[in-house]
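Coordinate analysis (summary)
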Amino acid sequence: MNIGSVENHRSREGGALVYPVYSRRSRGLSVGVNLFPDAKVCTFDCPYCEVFPFKTDISFSVDSMTSALWEVISEAHAHREEVRDICFSGNGEPTISPHFPAALQAAAQIRDELVPAAALVVITNGTGLLNDQTFALLRNAAADWEPVDSLALKLWLKLDAGTEGWYAKMDRSAIPFDRLTAAIKSFAARAPFTIQTMICAINGEPPPAEEEAAWERLVLELSASGYLTGIQIYGMARPSPGSGDRMSHASQVPAAVLEERAGSLRAALPESIPVEVFP
Ligand code: SF4
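Residues numbered from 1 in each chain as written. Predicted model: local features only at pLDDT ≥ 70, side-chain atom pairs only at ≥ 80, totals over all residues. Heavy atoms only, no water.

1. Description of the confidence of the model for the protein chain
To keep things clear, this is the line we draw: pLDDT is a residue-level measure of predictor confidence that goes from 0 to 100. In this description, contact between two residues means that some pair of their heavy atoms is separated by no more than 4.5 Å.
Mean pLDDT over the protein chain works out to 90, with 90% of the residues at or above the 70 mark. Counting contacts from residues 147-151, a segment whose pLDDT is below 50, to residues more than four positions away or on other chains yields six contacts.

Now the structure itself:
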């Protein structure tokens, strides 16, 4: 793997367990961990999802992941590249993989040994919070998070909607909206987390005004505990296989729409909670 030439995340669809990527939100080199090298596995079916359909016969193992992490991080060191984080994301929802707990533990050890200043990040759609054991694992790991040294887990949690109707369009999941938001509220009362929200149009329609208001109310409710560490608002920066889906076509909205949403939220939140926009 030539780290000097890696500039996107497409290698994960070729079955890579570990893939270096230059990430806007990480502000540098992020080392991704992919628990699904053989096929996409997710509880959501977001029309804007960037994971293209693929199939390989590569299976995941914690040992293979560990070797690949060593290799990629060693190569980053050889190129004098700073590793900003090790990030569980990949081809689906990491928290539903049976390998997730052991993989997280192994990645934390490697982080501590090789790149102690790097963050350990889990990007999740929140499904793992519905499982008591996974909830406890994430809460305990995230509760150690300290803004100064960033040594423990950072949880980046997807929250695309404030209403059931928009959730149905954006995330297309069998998990009821109320059940998922109840689990998210429970987590938000106990440990630090960052919210990630995608804003795009579905079938040419941007989020309606009542959805925008409901989303902001929900974010403010989640912030009340004092554990919300930031909000990242995204636009569709890359193509998705759903872009050609006539039944549920996801498309970019103007950057001004994202900025408007962020401005409204900034006015309502304390200044200590950053609201970032990635158009
Ligand atoms: S939650 Fe993430 S991986 Fe799953 S469908 Fe949505 S964008 Fe894709």
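That shown, we press on.
2. Observations concerning the nonpolar core
For soluble globular proteins, the rule of thumb is that nonpolar side chains tend to be buried together. Under the convention used in this document: Within this scheme, the nonpolar core is defined by two criteria: the residues are buried Ala, Val, Leu, Ile, Met, Phe, Trp, Tyr or Cys, and they are joined through side-chain atoms within 4.5 Å. Remark: exposure states derive from per-residue accessible area (1.4 Å probe, protein chains only) relative to the maximum for the residue type, with buried under 20%, exposed over 50%, and partly exposed in between. Where helices and strands are cited, they refer to DSSP runs of H or I of at least four residues and of E of at least two residues respectively, numbered from the N terminus.
Met65, Leu69, Phe88, Phe187, Phe193 and Ile231 are the most contacted members of the largest nonpolar core, which totals 82 residues. Top contributing element to this core by residue count: helix H2 (residues 100-114), with eight residues. With residues up to four places along the chain from it excluded, the contact list for phenylalanine 193 reads Leu155, Leu157, Phe187, Ala188, Leu222, Tyr227, Leu228, Thr229 and Gly230.

3. Concerning the site of the ligand
Our working definition: Only a single heavy atom is needed: when it lies within 4 Å of a molecule or strand, its residue is near that molecule or strand. Amino acid classes used here: Ala, Val, Leu, Ile, Met, Phe, Trp, Tyr, Cys and Pro are nonpolar; Asp, Glu, Lys and Arg are charged; the rest, including Gly, are polar.
For the ligand, the full set of nearby residues is Lys40, Cys42, Phe44, Cys46, Tyr48, Cys49, Gly92, Asn125 and Lys158. Within the shell around the ligand, the residues separate by chemical class into five nonpolar, two polar and two charged.

4. Some thoughts on helix H7 (residues 255-268)
To keep things clear, this is the line we draw: Expected span of a helix, by definition, is 1.5 Å for each gap between consecutive residues, and there is one gap fewer than residues. Within this analysis, the arc is defined by the directions that extend from the helix axis to the C-beta atoms.
With 14 residues, H7 extends 20 Å from end C-alpha to end C-alpha; this agrees with the ideal 20 Å at 1.5 Å per step. For H7, every residue scored as buried is listed here: Leu258, Arg261, Ala262 and Leu265. Along the long axis of H7, the arc covered by the buried residues comes to 95 degrees, so they all point the same way. In H7, the exposed positions that point more than 90 degrees away from the buried face belong to Glu260 and Ala267.

5. Points about the packing of helix H3 (residues 132-143) against helix H5 (residues 177-188)
For any two helices packed against each other, the geometry comes down to the angle between their axes and how far apart the axes lie. This is how it is decided: What counts as an axis is a line fitted to C-alpha atoms, over the stretch in contact for a helix, and the angles between N-to-C directions run from 0 to 180 degrees. For any helix crossing, the convention is left-handed if the near helix is rotated counterclockwise from the far helix by under a right angle, and right-handed if that rotation is clockwise.
Viewed as axis vectors pointing N to C, H3 and H5 meet at an angle of 30 degrees, and their least axial separation amounts to 11 Å. In terms of crossing hand, the pair formed by H3 and H5 is right-handed. For the pair H3 and H5, the contacting residues are Phe135, Leu138, Arg139 and Ala142 in the first and Ala183, Ser186 and Phe187 in the second. Across the contact of H3 with H5, the residue classes tally to five nonpolar, one polar and one charged.

6. So, the pairing of strand E4 (residues 119-124)
Two faces make up the sheet, and in a regular strand the side chains alternate between them. Heads up, the condition is: Strand pairing requires that DSSP identify at least two bridges connecting the strands.
For E4, the tally of buried residues reaches six of six residues, placing the bulk of the element in the interior. Residue alternation in E4 divides its side chains into two sets, Ala119, Val121 and Ile123 and Leu120, Val122 and Thr124, and both sets are buried. Strand direction decides the pairing type here: strand E3 (residues 83-88) and E4, joined by four bridges, are parallel. Paired with isoleucine 86 across the bridge in E4 is leucine 120. Two elements, E4 and strand E5 (residues 153-158), share five bridges in a ladder whose sense is parallel. Residue pairing across strands places leucine 120 opposite leucine 153, the latter belonging to E5.

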